[in-house]
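# Structural features, examined
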Amino acid sequence: MMARIAQLFRLALADLRVEWPIALCQVIAIAAVLTPLLVLAGLQQGAIGTLIDRLNRDPAMRLVVPEVTGGHRFDHAWFAAMAARPEVDFVMPATRQIAGQIDLLRDEASGDQSGGQPNGRGEARVTLLPTAPGDPVTGPHAAAAAMDGVILSFRAAGRLGVMPGAVVTAYAERTRGGKAEPLAFPLRVVAVLPAQRDGGMSAFATLPLVQAVQDFRDGKAAPALGATAGDPAGPAADYPLFRLYARSIRDVQALAADFQANGIAVATRHAEIASTLTLDRNLRAILLIIATLSVAGYVVAVTASQWGNLRRKRRDLAILNLTGYGSGWLVAFPVAQAAILALVGSLVAAAAFAGAAATINGHFQESIASGEAACRLGAPDLLAAAALTLALSLLPAAAIGLACRRIETSEELRSV
């Protein structure tokens, strides 16, 4: 069987070599149709794909922020159910924002470690936020945070003039019984976040530490912070807020709509996300329209070309039939030639795309980071394009081959 297939392709190649100008034109035609489609698809995956990847890497774009209304409480069962949702990347309880406002003062023993950063004043008012392993903002640093540790935003660290390993003193104050009660406790700077992770005056700590600060603000005892005055604080049964990040920007709107349906007002970066996703959809629609028109034109051109070849080669096919090649061979012969031309045309198109992509990426090299590309397609995409081209070439070839079965050998020979 394999020997007969090999013989079939040898005959098809021999015939193409004899008529190499026609074969070359067909290869160029295939590449001319396929290359622009590959470039458009590469731009869609490269430029728009890179933009979407950048937004996905920015935690702020995936953040779903509950509005401070005080009308909802979220218990542990709610957090467990939310964490189990596939569109949620990270969720954890959060205390009241006003309760998390604390002042930080650089320990003079640590010195000014700002490394030349401006505004190393040694003091800063920050918002204390809870973090845990898996937090897209704090990343791997969350696991190192303990009751005496804090992770600072880049801006807060610059204001304080500290680096990881420094010690800062946290100050909070409450009014109890008409008297002001200050509280001071030391914290070790576990890490400083890059500016793109958090641009605010923020400090991240474990939930027990943040909860202890809120307990102190509420007039309760917070032994972990050295505040023993006040009623004992029991374990929290529920929380007024949460920190939640969607798995991707495509999940943000669905989550926001679900919260709104349940009466929970939330804020997202919907406008920025929607503009990017709309651009992606529009480019996909344009690509689909152009691809449909190109495919239709390609099928018509291939069918006309193969039908012309059949008209010219009726006598040759009749001789093949006379020498013992059955009707199956007459069907397979144009199919084999179409497969060869489609594969060679796809290779030429892939090479042309690689050159075009390199030119485009070189033009945009100043605006793309390492590992990004303005125009790119992976090997699976190129193989899929080649497979589609092959299928579109084989279908009319098979129809032409079936028409070859109706050739009358005697009539073709008599017409010579």
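Criteria and thresholds
- Residues numbered from 1 in each chain as written.
- Predicted model: local features only at pLDDT ≥ 70, side-chain atom pairs only at ≥ 80, totals over all residues.
- Heavy atoms only, no water.
- Salt bridge = Lys/Arg side-chain N within 4 Å of Asp/Glu carboxyl O.
- Helix = DSSP H or I, 4+ residues; strand = E, 2+ residues; numbered from the N terminus.
- Buried < 20%, exposed > 50% of the residue type's maximum accessible area, 1.4 Å probe, protein only.
- Polar contact = N/O pair within 3.5 Å; in protein donor to acceptor, adjacent residues only side chain to side chain.
- Contact = heavy atoms within 4.5 Å.
- UniProt positions renumbered as here; feature names shortened; annotations may be inferred.

### A few points about the pattern of salt bridges
- For the structure shown, the criterion picks out 16 salt bridges.
- For Arg57, the salt bridge goes to Glu372, with nearest N and O atoms at 2.8 Å. Placement of Arg57 in helix α2 (residues 20–57) and of Glu372 in the loop between α9 (327–363) and α10 (379–404) is noted, with a sequence separation of 315 residues between them.
- We classify Arg57 as exposed; its relative accessible area is 51%.

### Remarks on the side chain of Ser346
- Secondary-structure assignment places Ser346 in helix α9.
- Looking at Ser346, its side chain comes within polar contact range of the main-chain oxygen of Ala342, at 2.8 Å.
- The residues touching Ser346, leaving out its near neighbours within four places in the chain, are Ile30, Leu34, Ala386 and Thr389.

### Some points on the UniProt feature "transmembrane region" (unreviewed entry) in the chain
- On the UniProt side, "transmembrane region" (unreviewed entry) is annotated at positions that read residues 20–43, 285–308, 329–362 and 382–404 here.
- End C-alpha atoms of residues 20–43 are separated by 34 Å, and the span's content is 100% helix alongside 0% strand.

### Structural notes on the side chain of Thr206
- Within the element layout of this structure, Thr206 appears in strand β9 (residues 202–206).
- Discounting residues that sit within four places of it in the chain, Thr206 has contacts with Thr131, Ala145, Ala146 and Met147.

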